[in-house]
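Descriptive analysis of the structure
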Amino acid sequence: MHHFDETLSLIHDMNLARNSQEVCEKLLAITRQFGLDRLIAGTQPDPRASAKTQKQHAILHGWPDGWMERYATNKYIKIDPIVQHLKNSLNPYQWHDASVDLQRDHPGRLVMNEATEFGLRAGLAIPLVTMDGTLALVSLGGEKPEIPPLAIGMISLVSTYAIARALQISATQAIAAESSLTKRETECIRWAAEGKSEW
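Here goes a summary of the coordinates provided. (Residues numbered from 1 in each chain as written. Predicted model: local features only at pLDDT ≥ 70, side-chain atom pairs only at ≥ 80, totals over all residues. Heavy atoms only, no water.)

Attention now goes to the overall build of the protein chain. Per the secondary structure count, the protein chain includes nine helices and five strands. Whereas a compact globule of 199 residues would reach a radius of gyration of roughly 16 Å, the protein chain reaches 18 Å, a difference of no more than 12%. With the C-alpha coordinates aligned to their principal axes, the bounding extent of the protein chain is approximately 60 × 45 × 30 Å. In the protein chain, which comprises 199 residues, the share counted as buried stands at 42%. In the protein chain, the proportion of contacts linking residues at least 24 apart, taken out of those at least 6 apart, comes to 61%. For the protein chain, the accessible surface area stands at approximately 11300 Å², while carbon and sulfur atoms represent 54% of it. (Helix = DSSP H or I, 4+ residues; strand = E, 2+ residues; numbered from the N terminus. Rg over C-alpha atoms; globule rule 2.2 N^0.38 Å. Buried < 20%, exposed > 50% of the residue type's maximum accessible area, 1.4 Å probe, protein only. Contact = heavy atoms within 4.5 Å. Areas by Shrake-Rupley, 256 points an atom, 1.4 Å probe, with all protein chains shown as cover.)

Take the environment of Glu6 next. Along the chain, Glu6 falls in helix 1 (residues 2-15). Separated by 148 residues in the primary sequence, Glu6 and Met154 have C-alpha atoms spaced 9.5 Å apart.

Enumeration according to the criterion identifies five salt bridges in this entry. Ionic pairing is found between Arg70 and Glu114, a salt bridge with its closest N-O pair at 3.0 Å. Of this pair, Arg70 sits in helix 4 (residues 65-73) while Glu114 sits in helix 7 (residues 107-116); the two residues are 44 residues apart in sequence, bridging distant segments of the chain. Overall, Glu114 belongs to the buried group, its relative accessible area being 14%. The partner of Arg70 in a salt bridge is Glu117, and the shortest N-O contact between them spans 3.3 Å. Of the two residues, Arg70 sits in helix 4 while Glu117 sits in the loop between helix 7 and strand 4 (122-129), which places them 47 residues apart along the sequence. (Salt bridge = Lys/Arg side-chain N within 4 Å of Asp/Glu carboxyl O.)

This part takes up the packing of aromatic side chains. As enumerated under the stated definition, the model contains five aromatic pairs in all. Within the aromatic cluster, the residues linked to one another by ring pairs are Trp67, Tyr71, Tyr76 and Phe118. (Phe/Tyr/Trp six-rings, centres within 6.5 Å; stacked < 30°, edge-to-face > 60°.)

Before going further, it helps to spend a moment on the pairing of strand 1 (residues 38-43). Across the six residues of strand 1, five count as buried, placing the element largely inside the fold. As paired elements, strand 1 and strand 5 (residues 135-142) share six bridges and run antiparallel to each other. When the sheet's bridge partners are listed, Thr43 is paired in strand 5 with Ala136. Where strand 1 and strand 2 (residues 58-62) come together, four bridges link them in antiparallel fashion. Bridge pairing in strand 2 links Leu39 to Gly62. (Pairing = 2+ DSSP bridges.)

Turning next to the pairing of strand 5. Each regular strand shows side chains that alternate between the opposite faces of the sheet. Of all eight residues that make up strand 5, seven are buried, and the element is covered over most of its length. Pairing of strand 4 with strand 5, which is carried by eight bridges, proceeds in the antiparallel orientation. From the neighbouring strand, Ala125 faces strand 5, where its bridge partner is Ser139. The hairpin turn running from strand 4 into strand 5, its antiparallel successor, is five residues long, and Gly133 in that turn takes a positive phi close to 90°.

Note that all results are geometric; they support no functional claim without further evidence.
Next comes the structure, spelled out in structure tokens:
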């Protein structure tokens, strides 16, 4: 019961985040204990999309900037074995599970090798489908992660909640920016997004 209570507490903390950067920081505060200190989460862009468009699909960004730039510029999404593995499974998987069967000369190995230059040697990928049916992925990485099998469920749950919270914040901000709401109305929407139900 201790792990369940701890997970609920973590989700509660996530709900207090006011922007996507805070969501990212709160998620990393949780996953760091397993050596997962970097993350990217977003919807899957068209592999032919420009680097700028690909970066816009990132909902949570905790990847090293140099790696994000290289990844998008070189359109590694086309050959990234972590992303390609989504075609086979929507269950959480460790990065090595996605790349273990790659031939030595497979272009996906280039992505995995270059990622190590940025401290991304291993990690965990958590696929999910958003409410509108869009495929999304939370990818957590680090130098030497140690992820006990029982922790994968907790990491998946809080990661799923994190991306949902980031999408909620983004939608609230978009509504406020596009509408002619008063300051008070915008504040009420923000409170509702944070879970306030009584006025």
